[in-house]
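# Notes for the structure review
Take a look at the letters that make up each chain.
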Amino acid sequence: MVSETWIQIIGLVAGVCTAVSLLPQLIKIMREKRAEQLSLFYLFTLLLGLGLWIAYGVLRSDLPIILTNIASALLNVSVIVLSIKYRKPQS
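For clarity, every value in this text was computed on a predicted model and none was experimentally measured. (Residues numbered from 1 in each chain as written. Predicted model: local features only at pLDDT ≥ 70, side-chain atom pairs only at ≥ 80, totals over all residues. Heavy atoms only, no water.)

## Description of the confidence of the model for the chain
- Scored by pLDDT, the chain has a mean of 91; 98% of the residues are at 70 or more.
- When mean pLDDT is taken per element in the chain, helix α3 (residues 40–60) scores highest with 96 and helix α1 (residues 4–20) scores lowest with 88. (pLDDT = per-residue confidence, 0-100. Helix = DSSP H or I, 4+ residues; strand = E, 2+ residues; numbered from the N terminus.)

Take a look at the structure:
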């Protein structure tokens, strides 16, 4: 059987990977100042899922789930804000 420590480590690594996954997109938007190709529906759906994961973590009192999903949500909100800011109006 896997120890509780290893389960926590796996959870933390998974959460960090999820949170960091948005970082390259955020950097790309900041460098190029363009975001036409990003789906806002995708980003808002992801944000909803992250919010639900945070709620789940709170209900379970699971700090790794709470913290890693808060980090993911903050990065996601940053991507949404920059996507809206750098989206060119459709003609």
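## Digging into the side chain of Thr68
- Relative to the helices and strands, Thr68 is located in helix α4 (residues 63–85).
- Discounting chain neighbours no more than four positions away, the residues touching Thr68 are Leu12, Gly15, Val16 and Ala19. (Contact = heavy atoms within 4.5 Å.)

## A word on the environment of Asn69
- With respect to the helices and strands, the residue Asn69 is situated in helix α4.
- Look past the residues within four positions of Asn69 in its chain and what remains in contact with it is Leu50, Trp53 and Ile54.
- A polar contact is formed between the side chain of Asn69 and the backbone oxygen of Ile65, at a distance of 2.8 Å. (Polar contact = N/O pair within 3.5 Å; in protein donor to acceptor, adjacent residues only side chain to side chain.)

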